[in-house]
Amino acid sequence: MSRTCPGLEIVAVDPHDEQALTAWYDAYAEAERHGRGRTATVWQLRELQVMLAEPSIRRRSTAWAGRVDGRTVAAGWVQLPLLDNLERAELSVQVVPAARRRGHGTAMLAHLEQVAREEGRTVLGAEATYDYDAGPDGAGESGPEFARARGFDLVLGDVQRILDLPVPDEVLDRLAAEAAPHHTAYTLRSWVGPVPEELLVGWADLTSSLMTEAPMGELDVERESASTEAVRDAEALVAKQGRTKYNTVALDAEGTVVAYTDLATTVHEPGRAYQWGTLVRREHRGHRLGLAVKVANLRLLQAECPDLDHVVTYNAEVNAHMVAVNDALGYRVTARLGEFQKRLA
Ligand SMILES: CC(C)(COP(=O)(O)OP(=O)(O)OC[C@H]1O[C@@H](n2cnc3c(N)ncnc32)[C@H](O)[C@@H]1OP(=O)(O)O)[C@@H](O)C(=O)NCCC(=O)NCCS
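This one's a predicted model, so the numbers in the text were calculated from it and none came from an experiment.

**Student:** Quick question: what am I supposed to make of helix α3 (residues 104-118) here?
**Tutor:** Each turn of an α-helix holds 3.6 residues, which means side chains three or four residues apart point in the same direction. For α3, spanning 15 residues, the distance from its first C-alpha to its last is 21 Å, which sits close to the expected 21 Å at 1.5 Å a residue. Listed in full, the buried residues belonging to α3 are His104, Gly105, Ala107, Met108, Leu109, His111, Leu112, Glu113, Val115 and Ala116. Count one or two residues on from α3 and you reach Gly120, which has phi positive near 80 degrees.

So, in structure tokens, the structure goes:
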């Protein structure tokens with residue numbers, strides 16, 4: 001499929017076409033890295049290739065390149081949830097710095113919106129990263145200004161934080177000791193890689209509620225469906241992408257999974273780990289389990305990967321409990337991420 005907007009030819013990217021994929025990726029990565037330095041969190045080429053080439057049970061992705069005179073200057077990417085949130089489409093638009101403010105972003109976004117419409121999706125999500133000092137609404141920054149100009153509203157403000165590694169053992173020991181008297185009724189369990197079979201149902205259930213149990217502002221999301229099949233499918237995808245997961249759960253006396261946290265590393269970005277989800281079941285809050293699982297998971301990560309340099313995480317700015325845990329661990333504020341949303345008429 002190809003669509004020509006004034007000055008910009010938009011073509012579908014075949015993930016098996018190395019040349020086209022690389023041109024698309026280079027535009028995406030250049031635009032996302034611009035001005036972000038060490039704080040840029042950019043998907044890696046091989047991770048995206050796997051995601052585009054092999055739809056998972058949970059979501060399907062398509063990529064679009066915007067070309068001027070044969071050169072890719074704009075990148076577009078649509079992700080469609082397949083098990084739940086069937087009204088939504090997550091859109092991503094990038095334009096290389098040298099080609100900005102010529103309407104290419106607008107043309108690419110219009111194309112992606114049309115793709116979403118044709119798929120029957122009516123709620124569009126988009127994310128933009130910007131300087132922390134730009135303030136919660138990102139005034140004056142390209143992504144937020146563009147999103148607002150194109151009819152999107154900021155519905156959730158996240159803050160990016162980075163933790164330098166290693167966290168000294170004394171700090172982890174002190175925090176674990178502070179938390180321990182509060183969670184004597186629970187057991188912590190940590191592992192690397194896929195979820196042990198006996199924890200799979202509990203893990204699928206708890207992790208699928210992250211989207212609705214963490215503060216989500218006005219983001220229009222429904223609870224993800226709890227699917228053990230989707231967990232195994234995602235684990236296979238993660239492995240193909242060259243990523244490794246580090247996980248810790250808290251179990252109550254019956255062995256139910258009541259809290260979890262997970263970190264991921266990727267062979268494509270040595271030195272960095274990403275903090276993914278952390279959640280304590282509502283009725284088990286107040287026992288310092290959030291801190292306890294995070295401390296235990298960091299211990300696991302540091303023992304398994306002593307050469308790591310830092311961990312990156314994102315939290316809703318209003319998520320006071322999680323932010324307090326991260327502050328205690330030593331995370332520093334580094335940037336903002338705005339989650340934008342638009343309803344198609
Ligand atoms: C955001 C981005 C895609 C915009 O691409 P672009 O080709 O420059 O966008 P357009 O030329 O179509 O801009 C359309 C309108 O958005 C607004 N806009 C875009 N960039 C802006 C900026 N830096 N400051 C203020 N307004 C801006 C303006 O209203 C602009 O219209 P105008 O040029 O007539 O004033 C590009 O800057 C980018 O790749 N940024 C990094 C990635 C990103 O944040 N993407 C997510 C966006 S939700």
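**Student:** Please explain the side chain of Arg161 as it appears in this structure.
**Tutor:** Relative to the helices and strands, Arg161 resides in strand β7 (residues 153-164). Exposure remark for Arg161: the relative accessible area of 8% places this residue in the buried category. Excluding anything up to four places from it in sequence, Arg161 contacts Val311, Val312, Thr313, Asn315, Val323, Asn326, Asp327, Tyr331, Arg332, Val333 and Thr334.

**Student:** Mind showing me how you'd approach the site of the ligand here?
**Tutor:** Close to the ligand lie 20 residues, the nearest being Val93, Val95, Arg101, Gly105 and Thr106. Taking Val95, its main chain carries an N or O atom lying 2.8 Å from an oxygen atom of the ligand. Here Gly105 contributes a backbone N or O atom positioned 2.8 Å from an oxygen atom of the ligand. Look at the ligand: alone it shows 910 Å² of surface, and the protein chains cover 78% of it. Contributing elements (two or more residues each) for the shell around the ligand: α1 (18-33), β5 (88-95), α3, β6 (123-130) and α4 (142-149). When residues in the shell around the ligand are grouped by element, the largest group, five residues, is from α4.

**Student:** Would you mind showing me how to read empty space enclosed by the protein here?
**Tutor:** Once rolled over the atoms, a probe with the size of a water molecule shows which space is left empty. Scanning the model with the defined rule gives two cavities of 30 Å³ or more in all. Considering the residues around the largest cavity, the lining is formed by Glu32, Arg36, Thr39, Ala40, Thr41, Val42, Thr129, Gln160 and Tyr314. Each residue belonging to the lining of the largest cavity can be placed in one class, and the counts come to three nonpolar, four polar and two charged. When its volume is computed, the second largest cavity comes out at roughly 30 Å³. Together, Thr261, Leu263, Gln275, Lys294, Asn297, Leu298, Leu329 and Tyr331 line the second largest cavity. Secondary-structure elements contributing two or more residues to the lining of the second largest cavity are β10 (257-266) and α9 (289-304). If you tally residues by element for the lining of the second largest cavity, the top one is α9, at three residues. Considering only residue class, the lining of the second largest cavity consists of four nonpolar, three polar and one charged.

**Student:** Even after reading the chapter, I still don't get the pattern of salt bridges, so can you show me in this structure?
**Tutor:** The final tally for this structure, using the stated rule, is 24 salt bridges. Arg38 serves as the salt-bridge partner of Asp309, at 3.0 Å between the closest nitrogen and oxygen. Here Asp309 is found in the loop between α9 and β12 (310-316), whereas its partner Arg38 is found in the loop between α1 and α2 (45-53), with 271 residues between them in sequence. Each of the salt bridges in this network shares a partner with another, and the network as a whole consists of Arg38, Asp164, Asp309 and Arg332.

How each quantity is defined
- Residues numbered from 1 in each chain as written.
- Predicted model: local features only at pLDDT ≥ 70, side-chain atom pairs only at ≥ 80, totals over all residues.
- Heavy atoms only, no water.
- Helix = DSSP H or I, 4+ residues; strand = E, 2+ residues; numbered from the N terminus.
- Expected span 1.5 Å × (residues − 1).
- Buried < 20%, exposed > 50% of the residue type's maximum accessible area, 1.4 Å probe, protein only.
- Contact = heavy atoms within 4.5 Å.
- Near = heavy atom within 4 Å.
- Polar contact = N/O pair within 3.5 Å; in protein donor to acceptor, adjacent residues only side chain to side chain.
- Areas by Shrake-Rupley, 256 points an atom, 1.4 Å probe, with all protein chains shown as cover.
- 1 Å grid on protein atoms, 1.4 Å probe; cavity = no way out; pocket = protein on both sides within 12 Å on 5 of 7 lines; lining within 4 Å.
- Points joined across faces, edges and corners; volume = space filled by probe spheres on them.
- Nonpolar A, V, L, I, M, F, W, Y, C, P; charged D, E, K, R; others polar.
- Salt bridge = Lys/Arg side-chain N within 4 Å of Asp/Glu carboxyl O.

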